[in-house]
Amino acid sequence: MDIIKLEHVTKQYDDGFIALNDISLTIESGKFYSLLGPSGSGKTTILRIMAGFSEPTEGKVYFAGQDITALDASKRQINTVFQNYALFPHMNVYENVAFGLEIKKQKKSKIQAAVKDALHMVQLDDFANREISELSGGQQQRVAIARALVNQPKVLLLDESLSALDKHLRKDMQFELRAIQKKLGITFIFVTHDQEEALAMSDEIFVLDKGKIQQSGSPVDIYDEPVNDFVARFIGDSNIVLGRMVRDFEVEFVNRRFECADAGIPAGEKVEIVLRPEDLDLVRPEDGKLDVIVQSQLFLGDHYEIKAKDMDDNEWLIHSTNATQVGKEVGVFFDSEDIHVMRFGESEADFDKRLETYEGDETGEKR
Amino acid sequence: MKKKHFVWSRLYMAIVLFMMYLPIFYLIFYSFSSGKNMSRFRHFTWAHYVTLFHDDRLLAIFIETIMLALLSSLVATLIGTFGAIAIDQAKSKKFKGILLALNNILMVSPDVIIGASFLIFFTALGISLGFGSVLLSHIAFSIPVVVLMVLPRLKEMDRSLIDAAQDLGANQFDVFSKILLPVITPGILSGFFMAFTYSLDDFAVTFFVTGNGFSTLSVEIYSRARQGIDLEINALSALMFVFVLALVFVYYLIEKRRRFKKAPKRG
C-alpha cells in the first residue's frame, strides 16, 4: 500500500536556489527507505516537506491517499528523529518521551505504560529519570527514537540520525534500527550521505543529486547497475572508462573488445564502462584481460587497495585479498557480467525500458 | 618564573578590587561612628541605625523604591521578553538590525537625555509627575536591558527544538509555553535582576520625572546630602549594600541550582 506520495514536488527558496526539481516518488507502507545523496542534494528538504516543516513551491504531497500538502506538521501521523536529536534540554528522559502523548492529553496511566514500553524498545529501561545532559550521544539517539515511536506514527523519518556516532556505535544502531523497523512494521525513511549505511539498511534507496532523483531501487540494483556516473562514483568505488558499443553484448574499451551483458544500445555509440574494484582479480599477465603495472598498494585490514596503470595510462583501482608488489606487471581478470555499460544522459526510466527489451525472461535476477 | 607572574596578576586584582570597594567600606565604617561627621572615628554606636529606623519618611521611601523597582522590572521583563522574541523572529535581516540598533541606542544614551525627554513628553501629554511617571520611565529604560539579556538565549536555542515539538503534535501555544519559555528562562531571570538593579540605582531619570509627592532613595539621599552629609545616610547606605549583596547571593543560588540540575554526572 502506498503511504506517502510526492507528485512533481519543486522547492525553490527565496534566494532563487532550487533545492528540489520536479520530484515524484512513492513510499510503500512497511519498508525501510533511504534518501541518499551528498550535502545540498535536497534529501533533507524532501524529509522536511514530508514532515510538514516546509511547504513545496509546487506539487502535491499525499499521505494514505489524502492531500496533506498544506497540513500542519503537528497534525501529521509522521514523526521525526532529528539530526542533532533535538531533545528538550529542560526535561528529563521520561518527560521528553512523554511529550507527544501529554500534548495529546492522554491518560496518565496510559502515558506511563507507553513510555515504559518505548524506553524498553530502545534498551533504556532504567534511564527514565536521567537528565538529557547526563546521556551519551548514543543514548540521546535512543531517547530521540523512543520519543518519536511512542506516538505510534505510520512513518518515521530519520534525518542523518547516525552521523554523530562513532563507527562502532553506528554499526550497532544500524542493526537495531533495522530490527525495530521489522518488529513494528512501520515505514522508515532514512536520510543519509553515507552510502554504506544506505546499502546495509534499506529495502529501497533513492539516490539524489542536485535536487533530482538520479536512481531508485534496491541496494543491489543500484550498486550493480548504476544509471549514470554520478551514481557509480557515489555508491562504492568504481573504475569508469570511456568505451564504444560494438554491437549487442559486445563493447570496446582500452582498445580491446569484450563480451558484456548489455544490449539495446545502437552500435558505435560512445558509452561509459563501470568496473567495480572488487570485481577485478589479479592474475598472471598471460591469464588477464588487461595488463597493468602496480603503482601503489594500501593494506586496509580486510583487503588490499591497489592502484595500477595500463598501457594507455588509465588508472585502475583493484581490491584484492592477496598482496602484490609495487612496480610488478600483472594481469587483470573480470567476468563479462562485471562490465556495466552506461549511456550518456540516459534517465532511469529509459534505462529500465531498455532492460526490458532484452531481459524479458531473466527477471528473477534483475528488474 | 611562571609562578611569579601569577602572583603579580593576583596582587593587581586585589589592589583594583580594594580601590573599588574602599569608598563603600569607608561609608559603612563611619555609619558605626558616634559624632556628626566622617572626619574622625570616635566610638562604636548603633545610634545612626536607630535614627534611621525612626525616620518614617526615609523608611517609606525605601519601601516605595523597592516596590517601584519590583513593579517596573516585572513589567519591563514581560514586555522585553516578547520584544526579544519579536526581534528574533523578524524575517528580514535588515529589519532585525534596525530593531536591535533602536534598542541599543536606548541603552547607551545618557540618562540625562532620557530623563529630559521623558519630562518633555509627560508634560506635553499632561501626565502629572509622580509615581506614575517615574514607573513609566523606569519601565521604558529597563526594557532594552531585558531584551539584551533574553536575545542571546533565543539565538543559542536550537531551532529544531521547535520543529521537534510541532512534530510531536504541539500547537503554537504549546511550543511557546512548554519549549520556548522554559529554554530562555535563565535569560529572562537575569534580565529581571538587571532591570531591578537598574531601577534601584537610577538617579538622573527619576530626578527629572518625579514630582512633589514621590521620591526614590537616590533622589532623597541627593537632596539630603546637599544640606550636609548626615551619618544616617551612611547607615542607610550600609543597609542598601547588604540588601544588594543579598540580591546577588539569591541570583547566584538560582544560577547554581540550575547549573547543578543540568551538570552532567560522569558515566
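Residues numbered from 1 in each chain as written. Chains lettered and ligands numbered in written order. Predicted model: local features only at pLDDT ≥ 70, side-chain atom pairs only at ≥ 80, totals over all residues. Heavy atoms only, no water.

Student: Break down the sheet that holds strand S3 (residues 32-36) of chain A for me, citing the residues and quoting the values.
Tutor: All names here are of chain A. The strand order S6-S7-S8-S3-S9-S10 describes an open sheet built from 6 strands, whose pairing is mixed. Sheet topology places strand S6 (78-81) and strand S10 (212-217) at the edges, where each strand pairs with a single neighbour. Sheet twist, expressed as the average angle between the axes of neighbouring strands with direction ignored, equals 20°. The pairing of S3 with strand S8 (residues 187-192) spans 5 bridges and is parallel. Bridge pairing in S8 links Tyr33 to Ile189. The strands touched by helix H4 (residues 137-149) are S6 and strand S7 (155-159); relative to S6, the strand with the most contacts, the crossing angle is about 175°. (Pairing = 2+ DSSP bridges. Helix = DSSP H or I, 4+ residues; strand = E, 2+ residues; numbered from the N terminus. Axes fitted to C-alpha atoms, helices over the stretch in contact; angles between N-to-C directions. Contact = heavy atoms within 4.5 Å.)

Student: Which residues make up helix H6 (residues 131-156) of chain B, and what are the values?
Tutor: Over its 26 residues, H6(B) runs 38 Å from end to end, which matches the ideal 38 Å to within 8%, given 1.5 Å per residue. Along H6(B), the helix axis deviates most sharply at B:Ser142, where the bend reaches about 30°; the proline B:Pro144 sits within four residues downstream. (Expected span 1.5 Å × (residues − 1). Bend = angle between axes of the 7 residues up to and from the residue.)

Student: Please give an account of the domain arrangement of chain A that cites residues and values.
Tutor: All names here are of chain A. The domain boundaries assigned to chain A delineate domain 1 (2-224) and domain 2 (237-358). The straight-line distance from the C-alpha centre of domain 1 to that of domain 2 is 37 Å. The interface is formed by 6 residues belonging to domain 1 together with 4 residues belonging to domain 2. On the domain 1 side of the contact with domain 2, Gln215, Tyr223 and Asp224 bury the most area, a combined 75% of that side's loss. Scanning the region where domain 1 abuts domain 2 turns up 3 residue pairs in polar contact (both at pLDDT 80 or more). Every element with two or more residues in the side of domain 1 that touches domain 2 is listed here: S10 and helix H7 (219-224). (Domains from an automatic or database assignment. Buried area = accessible area lost by both parts, 1.4 Å probe. Polar contact = N/O pair within 3.5 Å; in protein donor to acceptor, adjacent residues only side chain to side chain.)

Student: Quick one: what's the story with the interface of chain B and chain A, residue by residue and with numbers?
Tutor: Each partner contributes residues to the interface: chain B has 22 residues there, and chain A has 25 residues. Summed over both partners, the interface of chain B with chain A comes to about 2,000 Å²; 58% of that surface belongs to carbon and sulfur atoms. Taken together, chain B and chain A are joined by 1 salt bridge. Between B:Asp163 and A:Arg48 there is a salt bridge, with the nearest N and O atoms lying 3.2 Å from each other. Summed over the shared surface of chain B and chain A, the result is 7 residue pairs in polar contact (both at pLDDT 80 or more). Among the elements that line the side of chain B that touches chain A, the one with the most residues is helix H7 (residues 160-167) of chain B, at 7 residues. Tallied by class, the residues present in the side of chain B that touches chain A amount to 10 nonpolar, 4 polar and 8 charged. (Salt bridge = Lys/Arg side-chain N within 4 Å of Asp/Glu carboxyl O. Nonpolar A, V, L, I, M, F, W, Y, C, P; charged D, E, K, R; others polar.)

Student: Requested: an account of the confidence of the model for chain B, with residues and values cited.
Tutor: It should be kept in mind that the predicted coordinates are not to be read in detail where pLDDT is low. All names here are of chain B. Looking at chain B as a whole, the pLDDT averages 87, with 95% of positions reaching at least 70. When the criterion is pLDDT under 50, residues 263-267 qualifies, and its contacts beyond four places in sequence or with other chains add up to 6 contacts. Model confidence for the complex: the whole-complex pTM is 0.78, and ipTM, which rates the interface, is 0.79. (pLDDT = per-residue confidence, 0-100.)

Student: Outline the sheet that holds strand S14 (residues 270-275) of chain A, listing residues and values.
Tutor: All names here are of chain A. Read from one edge to the other, the open sheet built from 5 strands follows the order S13-S12-S11-S14-S20, with strand pairing classed as antiparallel. Bordering the open sheet on either side are strand S13 (256-259) and strand S20 (340-343), each of which pairs with just one other strand. The average angle at which neighbouring strand axes cross in this sheet is 45°, direction not considered. When strand S12 (residues 250-253) meets S13, the two strands line up antiparallel, connected through 4 bridges.

Student: Can you tell me about the pattern of salt bridges, naming the residues and giving the values?
Tutor: A full pass over the atoms with the stated rule returns 24 salt bridges over all chains. Across the salt bridge formed by A:Glu269 and A:Arg343, the nearest N and O atoms sit 2.9 Å from each other. Taken as a pair, A:Glu269 in the loop between S13 and S14 and A:Arg343 in strand S20 lie far apart in primary sequence, 74 residues in all. On the accessibility criterion, A:Arg343 (21% relative accessible area) is partly exposed. We note a salt bridge from B:Arg159 to B:Asp88, for which the minimum N-O separation is 3.1 Å. With B:Arg159 in the loop between H6 and H7 and B:Asp88 in helix H3 (residues 56-89), this residue pair connects regions lying 71 residues apart in the sequence. (Buried < 20%, exposed > 50% of the residue type's maximum accessible area, 1.4 Å probe, protein only.)

Student: Describe the nonpolar core, listing the residues and the values that go with them.
Tutor: A general feature of soluble globular proteins is that nonpolar side chains tend to end up buried together. Core analysis: the biggest nonpolar cluster contains 67 residues, and A:Ile4 and A:Ile189 have the highest contact counts within it. Among the elements that line this core, the one with the most residues is H6(B), at 9 residues. When neighbours within four sequence positions are excluded, A:Ile189 is seen to be in contact with A:Ile4, A:Ile27, A:Tyr33, A:Leu35, A:Leu47, A:Met50, A:Val155, A:Leu156, A:Leu157 and A:Leu158. Judged by nonpolar contacts, the second largest core, of 37 residues, contains A:Val93, A:Val97, A:Ala118 and A:Ala144. (Core = buried A, V, L, I, M, F, W, Y, C linked by side-chain atoms within 4.5 Å.)

Student: Can you lay out unusual backbone geometry for me, pointing to particular residues and giving the numbers?
Tutor: Residue and element names in this part refer to chain A. A positive phi angle, near 50°, is found at Ala64, a position not held by glycine. The residue Ala64 is located in the loop between strand S4 (58-63) and strand S5 (66-67) in this model. By relative accessible area, which is 44% here, Ala64 ends up partly exposed. Positive phi values are uncommon outside glycine, yet Val254 reaches one of about 40°. For Val254, the location among the structural elements is in the loop between S12 and S13. Its relative accessible area of 13% is what places Val254 among the buried residues.

Student: Go over the packing of helix H2 (residues 93-103) of chain A against helix H3 (residues 108-121) of chain A with me, naming the residues and quoting the values.
Tutor: Residues and elements named next belong to chain A. As a packed pair, H2 and H3 sit with axes 10 Å apart at the nearest point and diverge in direction by 125°. Classed by the angle they form, the pair H2 and H3 counts as oblique. Considering the relative orientation of H2 and H3, their crossing is right-handed. Across from Val93, Tyr94, Val97, Ala98, Leu101 and Glu102 in H2, the residues of H3 making contact are Ile111, Gln112, Ala114, Val115, Ala118 and Leu119. Class assignment for the residues of the contact of H2 with H3 results in 10 nonpolar, 1 polar and 1 charged. (Parallel < 35°, antiparallel > 145°, perpendicular 65-115°, else oblique. Left-handed = near helix turned anticlockwise from the far one by under 90°.)

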